[in-house]
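As a plain string of letters, each chain reads:
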Amino acid sequence: MARVRLEHVTKRYDDQGETVTAVDDMNLDVAHGEFICFVGPSGCGKSTTMETIAGLTIPTEGEVYIGDREVTNLPPKDRGIAMVFQNIALFPHMDVYDNISFGLRLRDYPQDEIDRRVERAADIVQLEGMLDRMPDEMSGGQRQRVAIARAIVREPDVFLMDEPLANLDAKLKVHMRTELQRLHKELDTTIIYVTHDQEEAMTLSDRIAVLNSGALQQIDPPLTCYNEPANLFVAGFIGSPSMNFVSGNVTENSIETPNFTLAFDPASVEGVGVGDELTVGIRPEDIHPSAKRDEIADPSSPISATVDILEPMGDEIFTYMLLGEGETSMTQEQTTNDQLLMSIDPDADIEEDDDIEVVIDRRNVHLFDTASGEALVHKLDPVGSGGGVTGSEAESDD
Amino acid sequence: MARVRLEHVTKRYDDQGETVTAVDDMNLDVAHGEFICFVGPSGCGKSTTMETIAGLTIPTEGEVYIGDREVTNLPPKDRGIAMVFQNIALFPHMDVYDNISFGLRLRDYPQDEIDRRVERAADIVQLEGMLDRMPDEMSGGQRQRVAIARAIVREPDVFLMDEPLANLDAKLKVHMRTELQRLHKELDTTIIYVTHDQEEAMTLSDRIAVLNSGALQQIDPPLTCYNEPANLFVAGFIGSPSMNFVSGNVTENSIETPNFTLAFDPASVEGVGVGDELTVGIRPEDIHPSAKRDEIADPSSPISATVDILEPMGDEIFTYMLLGEGETSMTQEQTTNDQLLMSIDPDADIEEDDDIEVVIDRRNVHLFDTASGEALVHKLDPVGSGGGVTGSEAESDD
Amino acid sequence: MSTEAGRESRRSGALVDLMRWMENLSDTQYAYLLLTPVFLLLGMVALYPLLRTFELSLYALSVDLSTTSFVGLDNYIQLFTGEKNRYLPGGTTFLPANLEFISLLNSALVLTLIIAVVSVAFETVIGLGQALILDQDFYGRRWVRAAIIIPWAVPIVIQGMIFFLMFNNNVGFATPPLADLGLLAPTNTLNDTASATFIIIVADIWKTSAFMALLILAGLQSIDRGLYNVAKVAGATKWQQFKLITLPLILPTIGVAVLFRSVQVMRIYGIIPTVSSCTVVPSLSCMVVATFNTREGVSAAIAFVTAAIIGIVVMGLILWQGEDAI
Amino acid sequence: ADFVGGGDGGGGTGNGSTGDGSSGQATTVQWGFDPVAVQNNGPAIKQSLHDNGLPDSVEVEFVPRDQDTGKARANYNRLLSAGETDPDMFLMDNGWTNIFIQRGQIQNLTEMLPEEMLSTVDNKYFSAFTDTARNPQNGNLYGVPVFPDFPTMQYRKDLANEAGYNPESENWATEPMTWKKWSNIAADIYDNSDVDFGFTTQWDIYVGTACCTFNEVMSSWGGAYFGGRENLFGPVGERPVTVNQPEVINSLNMMRKFVHDEDFGGEFSDYGGGFTPTNILGWTEEPSRAPFAEGNSVFHRNWPYSLALCGRDPEETDAPALGEDLGAMPIPYAVPESEAAQPGTGGTTAALGGWHMTVNPNSGQKDAVQQVIRAAMTEKFQLKLLEIQGWLPPRPELFNSQQAKDVPILGRYMETLRVAGDNTMPRPVTAVWGNQTSKIAQQANRAVGQEVPSEQAMQALQTSLKNTESS
Amino acid sequence: MATQTEDSDAGPLERWTQSAIENPERVYRALFYAAMLFFLVTTMFPFYWLLVLAVTPEGNLLAGSFLPTVNLFGVSGTFPLPVPKGFNPAAFITVFEQVPFHLYMLNSFALAVTTTIIVLFIASLAGYVFGRLRFPGRAFLMLGILAISYFPPAAFVIPLFKVFAGNAPVVIPFTDIGLFTAPRLLNTPGSMVLPFSSLFMPLSVFILTTFYGQIPDGLEDAARVEGTTRLGALFRVIMPLSAPGVATAAVLTFIAVYNEYFFSSIMATSPEATKWSPILGGILSYQTQYTTQYNLMAAASIVGVLPVVILVVVAQERIVSGLTSGALKE
Ligand SMILES: Nc1ncnc2c1ncn2[C@@H]1O[C@H](COP(=O)(O)OP(=O)(O)OP(=O)(O)O)[C@@H](O)[C@H]1O
Ligand SMILES: Nc1ncnc2c1ncn2[C@@H]1O[C@H](COP(=O)(O)OP(=O)(O)OP(=O)(O)O)[C@@H](O)[C@H]1O
Ligand SMILES: [Mg+2]
Ligand SMILES: [Mg+2]
């Protein structure tokens, strides 16, 4: 059984005297057959963690288990894994066929079995007819597909894939995603997957592991990570465009932010008291023009804002809004407290520099402890008659 | 002035006898200061085109102009370009500082100028404090950022960037995008950019050039490409998830597709006659549950469908629906004519296997000539009282 | 205009013009331009003397050494018909007189080929082994490296002296044990063609395995270590990694090493007179030198025949290694 | 005394006055010279030249040649054929001076030197040695002998005495003995001492075997390579080849008797045998001398330098030496001259080595060169060389002079050397000699090494020598 | 006993085998050290023998065995390893007293350094062309360069000597038409460096061709876009990245020239240090017509080899720095 466990895995590099901690006391338990995505900022230790599992990097501390064996010091070949490397690393002296069949030939599979599998893999990655090309005669995306094919022909217990689709176009990505899912089901393997594409992480994974600075931040199903981020880091990292963060102070019946006030009952959340500093998180799609107020179950009171920049994305428009002394435009430095990003339908009738009013969907407001970053609550309790929200003084001046 | 022009550029590779045409009679005119994104499927010739502009590949036929000079045979160093390579191509024997400052040192910039620029570039790509690392001591994303920094310190006339952000996380991508836009404005340079990320292409570029099989399909501002794709290829390629395509036949007052009928006046579109085979294109966000019918200016009549798969993405849910003999699920082979993808709000109350009714926003229906793939019209003229749409027989059976 | 363009023009004009002119050359023109220095040098210092030497080979000296006359290709023809054997030292013949072992060894041509095949085969294997060891990371490896490379740094005369004294009949200690094994003649060892050839081959292997090792090591070091990660994950054992990654990637380097060692060993000379003598171990180069002072024409002819034979062997090697050896 | 005071042309300027030397008019004569002599005694030799009549206006600069005589020859050959003007003079091995003469590469001294100097050479020098510096066709002189080299049979006097012999009274030093007698003595002493070897000589495959050791033994049996003495220097092709003759074969069989105690059906039964190691088959001079110098051999055949080295007082040198225990005798013989099959052979025979001075025909300062030759031909200079360098004088009469006898070490053996010098056998240097030496040495080596019967070896040699002789 | 392998009383060999099967890494390690030891012994033994020769006093060299008889516990036997007969480390000083050996070393060093620089430069150009450009005539030209090395050095020496003597004009081969008279180069470094450069060139060309050809195009492209010329890319990127190959070519050329004697013994008309005679000229002057001071020759060669060893130790730092990792994503 290909359960994968990391226990207190730490990896440090010594780089000319100073120590770089690439992975920091990582504990991870991936069940057999699970599909886990690693996400996190560049340099946070995703690849290093993968290498530790693969056995290419021996952890400085901690143990690695695959199945029921401790494999910390086992060579990679005995771990039953296949890996797609971030740097692709095709064998330059072999053509595509030889690259793909490499692992099979090592295991002395019969020739027709090899042919069959290679053909099938080439089919999956849409490289039929290129089997006799050399790597240096291929485009970046084609090479990446060879690397994927090289891994999938092996049908191992555990797949490690480090940004396997980074160089592929959107359509191919979608295709590959489906194929990966199919493979996952068919082979009943465990897959650990690194991606920077949130859509990918969302659609593919059973759980997402969010890493930062070598440390695991949260590991949960995609929607949980999206809807109930464990801390400020996860909240800010998951979701694109990013969640709006506004700092606020708890008063007796509200949270006051520099530019607006949200009705709030401190008693409704454990561990929150009047006077506490909180950070309020609101996703762009949870802000709506006041006009839509009716469609929202628990809207806040309207907040007036100035449209600063409109970024039409085709299926939606990102609306960057300024709160407060809204005359200044984005070019000047402004605290994030004074900005909000709203995502609206493309058919909305809105122009840059418009003064508009927006409401926040209170059911999707997240509160975080500013000091520790820990999430406190992901949904504000409805407050009576939707009262308690007043524009800030700045706003009323406007 | 850094206008970039390609005239009839063709590049063929001889690969063991058979000829691969990587770029096929490409004509391109990029104005000074323009930001152009190349998009297209993997292997379509984007990198090759970039290399032709850079002077790394000499085209088999055609000429390249930069500014007012013909540069087809000019060496790269005299073209006033900087390039971020798809394969990153850091100099492995130099540390980050030396990698970034390489081009400046070649040109004998004064040391303090070099230091200043390198520092600034490192700042932009968030690599401060890593200047004395060697490339093999960095993560994939970090390497890519060094490659970007190496290009931007140069402040050339033309930037060529081949998927510069492929290995970066979403947040960093957003940051880098802003920085690139700032640089673009500040330096008043021409930027040619390859990306597989449509969001990137949308937000960054003045115009998007869509390539396929080495040939230019359309070059237009992002929204034009999105809203008025020149042909089936562009329509299907731009936008994620992809546009729904349904084949249809023109009747006197409608377009009949296997599973539904759209009211249509053949006379309203030039060159379309009764009996013609057309392809109908509808973007997922232009399909709505019948409940929202009122909000749509020109809805079609309702089409009944079965929800096959729901893919929640956080800010939206992709709803895969089956039309026609809707009992069969996606696992069985089915023609695209029987499927529709709809993108809906996450708060919509919908379950897999639900039978639902949807409407299409007729203002955003695209028609293509099936044979040539050319776009015919991007908006159906409103038809009187919204009549003329009847469910297909299959549907009525349902 | 951007600052970059301004920078360019600040450099001195003529040089920039030259550089620009060079950059604009086509691949072929550029290739030939860059090859000019090599061919100038080789033309002057190698080709010219060779032509002159070839010219020499067309002349023969009278018996009393006082006059030379043009004889065309006679020197070459007589070399192969055996008439020139009288100018070769001792009982040496150019081609073997018959197929007996001792006649084969007395044939300059066959003996040279025998030495070449045996030496190169052993050197390649040993050199590869040494290189693989030097490629590892272990404590004190820089000293082991130096030690393994030392033989190559020993001048041939000294190499000869080392082995001569080892087998010399005053103080040599190596003959009896090897003679007991039947590898060497127990007496007059260094004047016994088979024994002396054996010793010379051993000496040659001792010295030039380091050459192989050095080159192959360089090849090993140029392999991208990332490829081993891929192979390891794909399940390759150490042997498979070697066979499928290392070997193919260092094959070009091994090719160059084998090529040059073959060429060098077929010109083997210096060690022979120091360990034994050209009379006993008559290599082709020995014959060139032996006739050098008395019969320039013959000497030149043997030199050209030697080159031709090496050329044939090299072509064979190249064909055997495949076209992209070159 | 008649050499002192300027020669012919130079009389006006050079009279040994130092003032002239400093005027910058000095000519420098470059002389290709023995490197060891230059290194050890260069200034002394120069000084001696000046002491013996060389004006100060002529500077001598020794150019050390390569140690290896073959390399030196090749070098001089190249220099001369490239028309080099330097060096002005050479020292040339008598083994290859002839080649340079044949090729017309060196100055004809008969044309260049004044009559008195030529007649000195004609009359006062070892004529057999001088002949190697003449053109055999017309007798013209091309080189002036500097020093000859004659081998002697060296032995441990102390061991001989212990074994009951009395070299002094039996006159071993000057009275050549037969090989038969000698071999019995050698075997006897060998058996009665605990030395490892009875006789050490040189029988490697190298030029020394052809020119010297084999030549000596063969000659002492009355054999020769090419018939009699008159054929030594040609004419190539017209002279007979006589190596398959019984006397030659017998000489080899005798060597086999010494080495392997093989007695060929009793033919050598009254010879002593088995006292010579097979080592000689790989020995050249120095390896064969080493055990003798260590006291580990009874007899040893070698050149005078060996006398000089082995005769040193063991107390005064770190190297092994025998001191007064070292004795020397002429090389033994098998048949007297009168019974020799080939005319001019037989009796005790000493191979002939040695060096001549020759002149570069391209030299631009032949007058000065002549002055150097004149000084180098003085008896005093030759005695000086004997003293400091151990080089034998090229004049027989000097051997008998008191000065020669007074020279440390070598002086003790002058008598023996004189006998050797009177009985020399030059090597048959001709244009083809260079091709013949290795063939001779190889077959002689094979025969004595018992690889083939002597007859067979000599038959093979006969054929291949004939080949080299034919045009 | 073979049947009860599980037993704890298995012999040590068996236990080792058992653990070896469980842990093949150990076998590998053991094999590795065995092989290393083997190579060390075989390469160092002759060198040790040289050392033995060097410290043995000259007079003892050629007589008596180097294998001493040892008497161990009443059993006498021959010690299997040669040991010096006497001890005379002064040989290492004598070598400098007899001839100016350091001058010979300097000559060799200067010749070797100059030749190596020339060869590396010119061969780099050729290596770049052959390794990275495709053009008509490539294979032919490479074979042409290689062909130079087919000839025994003796085939070059006579005509070159005549040219460098500067006495007679250089004539067009096969005619008597004189072209020009070359300057006199005999006894100068020129007459040695020139032939060395061309004779050792082919090896370096081939080595560099191989290594330059393996550098990914992407890196050269990057350098050219950054503003180097093609040559600039060669010297700034390709050469440093081929450091193992370049260093190897340099070491091989250096050693070959440093130990060369055939040409130098001819181009220096006499083996004097002042005539640029190289290190072997010095070593061979310990040899006279009859005697050979093997101990001095041995001592001198040990002294002479030292600079090379130092060079190798330094150069191998380059040779062993595999540099291409981290460069490309492909
Ligand atoms: N040296 C070559 N020999 C043969 N075909 C080649 C060679 N180089 C590129 N090609 C082919 O040319 C086509 C275009 O390649 P290119 O690298 O321009 O694609 P691309 O658009 O950059 O793709 P990607 O998005 O995957 O990087 C590809 O189909 C590729 O296989
Ligand atoms: N050999 C090394 N020496 C020093 N630091 C290293 C070394 N290798 C990696 N690191 C550092 O370790 C950290 C983790 O690297 P890793 O490659 O795991 O990042 P990553 O999460 O995969 O990032 P990316 O998304 O950019 O690929 C990085 O900060 C990197 O700089
Ligand atoms: Mg990574
Ligand atoms: Mg590409």
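Computed from a predicted structure; not experimentally measured.

About the cut-offs
Residues numbered from 1 in each chain as written. Chains lettered and ligands numbered in written order. Predicted model: local features only at pLDDT ≥ 70, side-chain atom pairs only at ≥ 80, totals over all residues. Heavy atoms only, no water. Near = heavy atom within 4 Å. Polar contact = N/O pair within 3.5 Å; in protein donor to acceptor, adjacent residues only side chain to side chain. Areas by Shrake-Rupley, 256 points an atom, 1.4 Å probe, with all protein chains shown as cover. Helix = DSSP H or I, 4+ residues; strand = E, 2+ residues; numbered from the N terminus. Pairing = 2+ DSSP bridges. Axes fitted to C-alpha atoms, helices over the stretch in contact; angles between N-to-C directions. Contact = heavy atoms within 4.5 Å. UniProt positions renumbered as here; feature names shortened; annotations may be inferred. Buried area = accessible area lost by both parts, 1.4 Å probe. Salt bridge = Lys/Arg side-chain N within 4 Å of Asp/Glu carboxyl O. Nonpolar A, V, L, I, M, F, W, Y, C, P; charged D, E, K, R; others polar. Parallel < 35°, antiparallel > 145°, perpendicular 65-115°, else oblique. Left-handed = near helix turned anticlockwise from the far one by under 90°. Phe/Tyr/Trp six-rings, centres within 6.5 Å; stacked < 30°, edge-to-face > 60°. Buried < 20%, exposed > 50% of the residue type's maximum accessible area, 1.4 Å probe, protein only. Disulfide = S-S within 2.5 Å. Patch = residues over 30% accessible without salt bridge, like charges linked within 9 Å, V, L, I, M, F, W, Y side chains within 5 Å. Lys, Arg positive; Asp, Glu negative; His and termini not counted. Charge placed at Lys NZ, Arg CZ, Asp CG, Glu CD. Core = buried A, V, L, I, M, F, W, Y, C linked by side-chain atoms within 4.5 Å. Donors = N, O, S within 2.8 Å, 3.2 Å for Na, K, Ca; no water.

Side note on the site of ligand 1
- The environment of ligand 1 is formed by 21 residues, the closest being A:R133, A:S139, A:G141, B:S47 and B:T48.
- Those chains with residues close to ligand 1 are chains A and B.
- One nitrogen or oxygen atom from the main chain of B:G45 is found 2.9 Å from an oxygen atom belonging to ligand 1.
- Contact with the protein chains covers 91% of the free accessible surface of ligand 1, which is 640 Å².
- The set of elements that each furnish at least two residues to the shell around ligand 1 consists of α4 (140–152) of chain A together with β2 (18–30) and α1 (46–54) of chain B.

Some details on the sheet that holds strand β8 (residues 326–329) of chain D
Residue and element names in this part refer to chain D.
- A sheet is described by the order of its strands in space; here 4 strands give the open sequence β6-β7-β5-β8, paired in mixed fashion. Of all strands in the sheet, those bounded by a partner on one side alone are β6 (197–200) and β8. Each adjacent strand pair in this sheet contributes to an overall mean axis angle of 20 degrees, direction not counted.
- Across 4 bridges, strand β5 (residues 152–156) lies against strand β7 (residues 297–302) in antiparallel orientation. Bridge pairing links Y155 to F299 in β7.
- Sheet strands in contact with helix α10 (residues 179–192) are β5, β6, β7 and β8, and its direction is about 140 degrees off that of β7.
- Packed onto the sheet, helix α13 (residues 285–293) meets β5, β6, β7 and β8 and runs at close to 150 degrees relative to β7.

Considerations on the UniProt feature "transmembrane region" (unreviewed entry) in chain C
Residue and element names in this part refer to chain C.
- Residues annotated in UniProt with the feature "transmembrane region" (unreviewed entry) correspond here to residues 30–51, 108–134, 146–167, 196–220, 241–260, 266–290 and 297–320.
- The span residues 146–167 is 91% helical and 0% strand by assignment, and the distance between its end C-alpha atoms comes to 26 Å.
- End C-alpha atoms of residues 241–260 are separated by 27 Å, and the span's content is 100% helix alongside 0% strand.

Quick word on the interface of chain C and chain E
- If you look at the interface, chain C gives 94 residues, while chain E gives 107 residues.
- For the chain C and chain E pair, buried surface summed over both sides reaches about 9100 Å², with 78% attributable to carbon and sulfur atoms.
- One salt bridge in this structure joins E:R230 and C:D27, with 3.1 Å as the shortest N-O distance.
- Across the chain C-chain E interface, the total number found is 11 residue pairs in polar contact (both at pLDDT 80 or more).
- Of the residues contributing to the side of chain C that touches chain E, the split by class is 69 nonpolar, 14 polar and 11 charged.

Re the interface of chain B and chain E
- Contacts between chain B and chain E engage 28 residues on the former and 23 residues on the latter.
- Carbon and sulfur atoms supply 63% of the area buried between chain B and chain E, which totals about 2200 Å² over both sides.
- A per-residue breakdown of the area chain B buries against chain E is headed by B:N87, B:P92 and B:H93, which together make up 25% of the total.
- Where chain B meets chain E, there are 1 salt bridge.

A few points about the arrangement of the chains
- Considering every one of the 8 pairs of chains in contact, the largest contact total is recorded for chains C and E.
- At their nearest point, the C-alpha atoms of chain A and chain D are still 52 Å apart, with no contact between the two.
- Considering only C-alpha positions, the minimal separation of the non-contacting chain B and chain D is 49 Å.

Looking at the packing of helix α4 (residues 101–132) of chain E against helix α7 (residues 190–214) of chain E
Residue and element names in this part refer to chain E.
- In contact at an axis separation of 6 Å, α4 and α7 are set at 40 degrees when each is read in the N-to-C sense. Regarding the angle of α4 to α7, the classification is oblique. Handedness of the crossing formed by α4 with α7: right-handed.

Considerations on the UniProt feature "domain: ABC transmembrane type-1" (unreviewed entry) in chain C
- Per the UniProt record, "domain: ABC transmembrane type-1" (unreviewed entry) is annotated on residues 109–319 of chain C.
- The span residues 109–319 of chain C shows a helical share of 75% and a strand share of 0%, and its end C-alpha atoms are spaced 22 Å apart.

Digging into the packing of aromatic side chains
- In total, this model carries 62 aromatic pairs over all chains according to the counting rule given.
- With a centroid separation of 5.3 Å and 75 degrees between ring planes, the pair formed by C:Y59 and C:F70 is classed as edge-to-face. In this pair, C:Y59 sits in strand β1 (residues 59–61) while C:F70 sits in strand β2 (residues 68–70), placing the two residues 11 residues apart along the sequence.
- A residue is classified by how much of its surface remains accessible, and C:Y59, at 32% relative accessible area, is partly exposed.
- For C:F70, a relative accessible area of 55% corresponds to the exposed category.
- Three or more aromatic residues joined by ring pairs form one cluster here, namely D:Y155, D:Y165, D:W172, D:W179, D:W182, D:F199, D:F258, D:F275 and D:F299.

Quick look at the state of the cysteines
Residues and elements named next belong to chain C.
- A complete count under the given rule lists 2 disulfides over all chains for this structure.
- Shown here is the disulfide that connects C278 with C286, its sulfur atoms set 2.0 Å apart. Because the torsion about its S-S bond is -65 degrees, the bridge between C278 and C286 counts as left-handed. Grouping residues by exposure puts C278 and C286 together as buried.

Considering a negative patch on the surface
- Residues A:D294, A:E295, A:D347, B:D294, B:E295 and B:D347 make up a contiguous surface patch of negative charge.
- Owing to a relative accessible area of 49%, B:E295 belongs among the partly exposed residues under this scheme.

Comments concerning the site of ligand 2
- Neighbouring ligand 2 are 21 residues; A:S47, A:T48, B:S139, B:G141 and B:Q142 lie closest to it.
- What surrounds ligand 2 is not a single chain but chains A and B.
- In the environment of ligand 2, an oxygen atom lies 2.6 Å from a nitrogen or oxygen atom belonging to the side chain of B:S139.
- Here an oxygen atom of ligand 2 sits 2.5 Å away from a polar atom, N or O, in the main chain of B:G141.

Description of the UniProt feature "transmembrane region" (unreviewed entry) in chain E
Residues and elements named next belong to chain E.
- Mapped onto this numbering, the UniProt entry gives "transmembrane region" (unreviewed entry) at residues 30–54, 61–81, 101–128, 140–161, 192–212, 233–258 and 294–315.
- Across residues 233–258, helical content stands at 96% and strand content at 0%; the span's end C-alpha atoms are separated by 31 Å.
- Regarding residues 294–315, the helix share stands at 100% and the strand share at 0%, and the terminal C-alpha atoms are separated by 31 Å.

Looking at the nonpolar core
- Residues A:F102, D:W31, D:L49, D:V144, D:M357, D:I373 and E:F130 are the most contacted members of the largest nonpolar core, which totals 350 residues.
- Among the elements that make up this core, the one with the highest residue count is helix α10 (residues 193–221) of chain C (16 residues).
- Excluding its chain neighbours within four sequence positions, the residues that come into contact with D:I373 are D:M89, D:L113, D:M117, D:V144, D:M357 and D:V359.
- Counting 59 residues, the second largest nonpolar core, distinct from the first, contains D:L159, D:W303, D:A457 and D:M458.

Re the packing of helix α6 (residues 108–134) of chain C against α10(C)
Residues and elements named next belong to chain C.
- Interaxial distance between α6 and α10 falls to 6 Å at its minimum, and their mutual angle equals 40 degrees. Classified by the angle their axes make, α6 and α10 are oblique. The hand of the α6/α10 crossing is right-handed.
- Of the residues in the contact of α6 with α10, the class split is 18 nonpolar, 7 polar and 2 charged.

Observations regarding the coordination of the magnesium ion (ligand 3)
All names here are of chain A.
- Protein coordination of the magnesium ion (ligand 3) is provided by S47 (OG) and Q86 (OE1), with donor distances spanning 1.9 to 2.1 Å. A residue pair is termed long-range when its members are at least 10 positions apart, and S47 in helix α1 (residues 46–54) and Q86 in the loop between β6 (81–84) and α2 (96–106) qualify at 39 residues. The burial state of S47 is the same as that of Q86; both residues are buried.

Some points on the environment of C:I148
Residue and element names in this part refer to chain C.
- In this fold, I148 is placed in helix α7 (residues 141–153).
- Residue classification places I148 among the buried residues on the basis of a relative accessible area of 0%.
- Residues I148 and I126, spaced 22 residues apart in sequence, show a C-alpha to C-alpha distance of 11 Å.

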